[in-house]
Amino acid sequence: MNNMITSSGSQREYTPSDRIQCDAFQQMCEATACVQNSALKRWKENGGKVVGFLCSMAPDELLIAANMLGFRVRGTGSTNTDLADNYFTNLNCTFPRHCLNMAMEGEYEFLDGILYLNSCDHIRRLYDNWKLNIDTEFIELIALPRQTGPDQVKFFTEEFQMIREKLESHFKIKITDDALRDAIKLGNETRRLQRRMYDLRKQDDPPITGAEVLTVMVAGTAMPKTEYNVLLRELLEELEGKQGSGKEYRARLMITGGVLDDPKWINAVEEVGGLVVADGLCFGGRIMWEDIDETIEDPIEALGRYYLADRPSCPRVVDKQEERAEFTANMFKEFNCDGIVGAKMVFCDQWNVENYMLKSDMHEQEIPFMSVEREYITSGTGQLKTRIQAFIESLGK
Ligand code: SF4
């Protein structure tokens with residue numbers, strides 16, 4: 001089986017921002033607009049291994065320490081789910097359906113492995129259907145606890161240690177503690193640079209839009225971290241000290257939710273006057289808000305603790321809802337927002353419940369919150385724009 005790059009390489013039709021001209025940002029636009037980006041192709045051509053994952057609670061640093069590229073699987077560029085719908089019902093979330101469809105079309109042949117976490121029942125089904133239909137040589141499922149106490153952190157740490165051993169035996173490599181510590185330092189460097197970018201959004205007239213920020217964040221899950229950090233530093237040099245994104249806006253908005261990797265969706269919000277200056281997304285604020293604790297002796301334990309308990313959680317975790325509401329309210333205030341848009345995927349039970357609870361928590365603090373349903377692929381943004389316009393008017397803006 002050749003798992004080299006296939007020529008197809010579907011693209012998402014999204015015009016890279018012509019405002020930020022620097023080459024670093026243009027490379028990030030390319031990495032976000034397609035699955036098989038140039039950095040990935042270079043990595044493969046140099047004999048590098050790539051292991052995919054779907055959930056942001058997967059231990060990316062473990063793959064970096066194995067000298068592999070951790071690649072977050074997306075349905076970018078997918079236009080239909082015809083093949084996948086032989087294995088999913090139309091009551092399943094469209095994110096896993098588009099990911100499976102792209103894999104069945106050969107788009108993910110370049111993967112040498114894929115790590116699953118049972119982050120929800122829809123992803124659980126994708127794991128089964130991927131094993132059934134896709135010829136990826138290394139497929140593993142990591143059991144994700146629903147609570148974050150010491151016992152669960154210990155369990156999750158053992159799961160990561162098990163994956164470490166399976167990677168070592170399958171790929172005939174050694175993943176040392178020192179390599180893990182170096183990978184943790186590299187990942188924390190990425191987070192610190194991303195937080196610097198988020199700090200720019202606190203300005204009255206930020207030099208970067210929400211759609212551009214999401215472009216940068218998604219690119220960070222699709223290319224080697226060393227390369228990405230160089231590009232991000234270049235972009236920060238370009239933006240720091242600058243004012244204004246040139247966008248006329250009437251309200252500063254925050255977006256919360258799960259998988260949202262399409263800048264076009266944020267762009268639609270910003271085209272009707274809502275500048276997105278903060279987010280608690282799992283391709284955004286939640287993956288860079290905290291660092292992995294580098295003082296913990298055992299690096300695997302540091303990963304287990306971080307990915308389950310230390311970073312802002314998602315509704316998959318049931319004992320942290322109050323903490324998530326606090327995180328959301330604090331970010332709302334810190335970025336001087338006017339309102340929050342809770343974006344959730346159709347048929348997503350977890351964010352259905354979460355948005356219901358978040359709405360009442362935010363209203364208790366007189367923070368405007370609107371829940372908006374979406375499909376994975378952004379199309380026909382008319383209805384979304386109408387809802388956002390009405391929401392902005394309700395804010396008195
Ligand atoms: S959006 Fe919701 S339903 Fe879809 S994969 Fe994520 S958690 Fe599961």
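The following refers to the structure shown. Residue positions are given per chain, counting from 1 as you read along its sequence in written order. Note on the predicted model: pLDDT of at least 70 is required for a residue's local features to be given, and 80 or more for side-chain atom pairs to be given and counted; whole-chain, interface and lining totals, by contrast, use all residues. For side-chain calculations, the full set of non-hydrogen atoms in the structure is used, while hydrogens and water are omitted.

A look at the site of the ligand
Then, number 1: Near, as used in this document, describes a residue that has one of its heavy atoms within 4 Å of the molecule or strand being considered. By nearness alone, every residue bordering the ligand is listed as Cys93, Phe95, Cys120, His122, Ile123, Met345, Cys348 and Gln350.
Then, number 2: Class assignment for the residues of the shell around the ligand results in 6 nonpolar, 2 polar and no charged. Three residue categories are used. Nonpolar comprises Ala, Val, Leu, Ile, Met, Phe, Trp, Tyr, Cys and Pro, charged comprises Asp, Glu, Lys and Arg, and polar comprises the others, including Gly.

Notes on the sheet that holds strand β6 (residues 274-280)
Then, number 1: Any two strands with at least two DSSP bridges between them are considered paired. Numbering goes from the N terminus for both helices and strands, where a helix is a DSSP run of H or I of at least four residues and a strand is a run of E of at least two. Ordered by their spatial adjacency, 4 strands build an open sheet running β6-β5-β7-β8, and the pairing between neighbours is parallel. Unpaired on one side and paired on the other, β6 and β8 (369-374) mark the two borders of the sheet. On average, adjacent strands in this sheet sit at an angle of 30° to one another, irrespective of strand direction.
Then, number 2: Where strand β5 (residues 251-257) lies against β6, 6 bridges are found, and the strand directions are parallel. Directly across from Met254, in β6, lies its bridge partner Ala278. Here, axes are lines fitted to C-alpha atoms. For helices the fit covers the stretch in contact, and angles between N-to-C directions go from 0 to 180 degrees.

Describing helix α1 (residues 23-33)
An α-helical turn contains 3.6 residues, so a residue and the one three or four places further along point in the same direction.
Then, number 1: Each residue's exposure class comes from its accessible area (1.4 Å probe, protein chains only) as a fraction of the maximum for that residue type: buried when under 20%, exposed when over 50%, partly exposed otherwise. All buried positions along α1 are accounted for by Ala24, Phe25, Met28, Cys29, Ala31, Thr32 and Ala33.
Then, number 2: Buried residues along α1 sit against α8 (210-219), α9 (225-239) and α10 (263-271). Throughout, a contact is declared for two residues whenever any of their heavy atoms are within 4.5 Å.

Here's the deal with the side chain of Thr378
Then, number 1: For Thr378, the location among the structural elements is in the loop between β8 and α14 (382-394).
Then, number 2: Here a polar contact means two N or O atoms within 3.5 Å. Within protein one must be a hydrogen donor candidate and the other an acceptor candidate, and residues neighboring in sequence count only if both atoms are side-chain atoms. Of the polar contacts made by the side chain of Thr378, one reaches the side chain of Asp262; its length is 2.8 Å.
Then, number 3: In contact with Thr378, other than residues within four places in its own chain, are Asp262, Lys264 and Trp265.

A look at the state of the cysteines
Then, number 1: In this description, the term disulfide denotes a pair of cysteine sulfurs within 2.5 Å. Across all of its chains, the model carries 0 disulfides by this definition.
Then, number 2: Of the cysteine sulfurs around Cys55, a residue in no disulfide, the closest is that of Cys314, at 6.2 Å.
Then, number 3: Cysteine Cys282 is unpaired, with the sulfur of Cys55 as its nearest cysteine sulfur at 7.0 Å.

As for the pairing of strand β4 (residues 138-142)
Then, number 1: Counting buried positions over the 5 residues of β4 gives 4, a clear majority of the element.
Then, number 2: Both strand β3 (residues 113-117) and β4 contribute to a ladder of 5 bridges, which runs parallel. From the neighbouring strand, Gly113 faces β4, where its bridge partner is Phe138.
Then, number 3: Call a crossover right-handed when, viewed with both strands pointing away from you, the route from the first strand across the helix to the second goes clockwise. A crossover connection joins β3 to the parallel β4 through helix α5 (residues 121-133); in handedness this β-α-β unit is right-handed.

Details of helix α12 (residues 321-334)
Then, number 1: Here α12 spans 20 Å end to end across 14 residues, near enough to the 20 Å set by a 1.5 Å rise per residue.
Then, number 2: Those residues of α12 not exposed but buried are Gln321, Arg324, Ala325, Phe327, Thr328, Ala329, Met331 and Phe332.
Then, number 3: Buried residues in α12 make contact with α7 (177-200), β5, β6, β7 (339-345) and α13 (349-364).
Then, number 4: Phi turns positive, to about 50°, at Asn336, one or two residues after α12. In this analysis, the expected span of each helix is defined as 1.5 Å times one less than the number of residues it contains.

Structural notes on the sheet that holds strand β2 (residues 68-72)
Then, number 1: With parallel pairing, 4 strands are arranged side by side in an open sheet as β2-β1-β3-β4. The sheet is open, and its two borders are formed by β2 and β4, each paired with just one other strand. Along the sheet, successive strands turn relative to each other by an average axial angle of 20°, direction set aside.

Some details on the environment of Glu393
Then, number 1: Along the chain, Glu393 falls in helix α14.
Then, number 2: Along the sequence, Glu393 and Arg250 sit 143 residues apart, while their C-alpha atoms lie 9.2 Å from each other.

Quick notes on the nonpolar core
Then, number 1: Grouping buried Ala, Val, Leu, Ile, Met, Phe, Trp, Tyr and Cys residues that are joined through side-chain atoms within 4.5 Å yields what is termed a nonpolar core. Counting residues in each nonpolar core, the largest one holds 58 residues, and the members touching the most others are Tyr108 and Trp130.
Then, number 2: In terms of residue count, helix α4 (residues 94-104) provides more of this core than any other element does, 5 residues in total.
Then, number 3: Excluding its chain neighbours within four sequence positions, the residues that come into contact with Trp130 are Cys99, Leu100, Ala103, Tyr108, Leu111, Ile114, Tyr116, Thr136 and Ile139.
Then, number 4: Counting 42 residues, the second-largest nonpolar core is a separate cluster that includes Leu235, Leu239, Ala278 and Met331.

Structural notes on the pattern of salt bridges
Then, number 1: We define a salt bridge as a contact between a side-chain nitrogen of Lys or Arg and a carboxyl oxygen of Asp or Glu at a distance within 4 Å. This model, assessed by the stated rule, comprises 27 salt bridges.
Then, number 2: Note that Asp279 is salt-bridged to Arg201, the shortest N-O span being 3.2 Å. Placement of the pair is Asp279 in strand β6 and Arg201 in the loop between α7 and α8, with a sequence separation of 78 residues. Of the two residues, Asp279 and Arg201, both sit in the buried class.
Then, number 3: Residue Glu354 pairs with Arg324 through a salt bridge whose shortest N-O separation is 2.8 Å. Placement of the pair is Glu354 in helix α13 and Arg324 in helix α12, with a sequence separation of 30 residues. No difference in accessibility class separates Glu354 from Arg324, as the two residues are buried.

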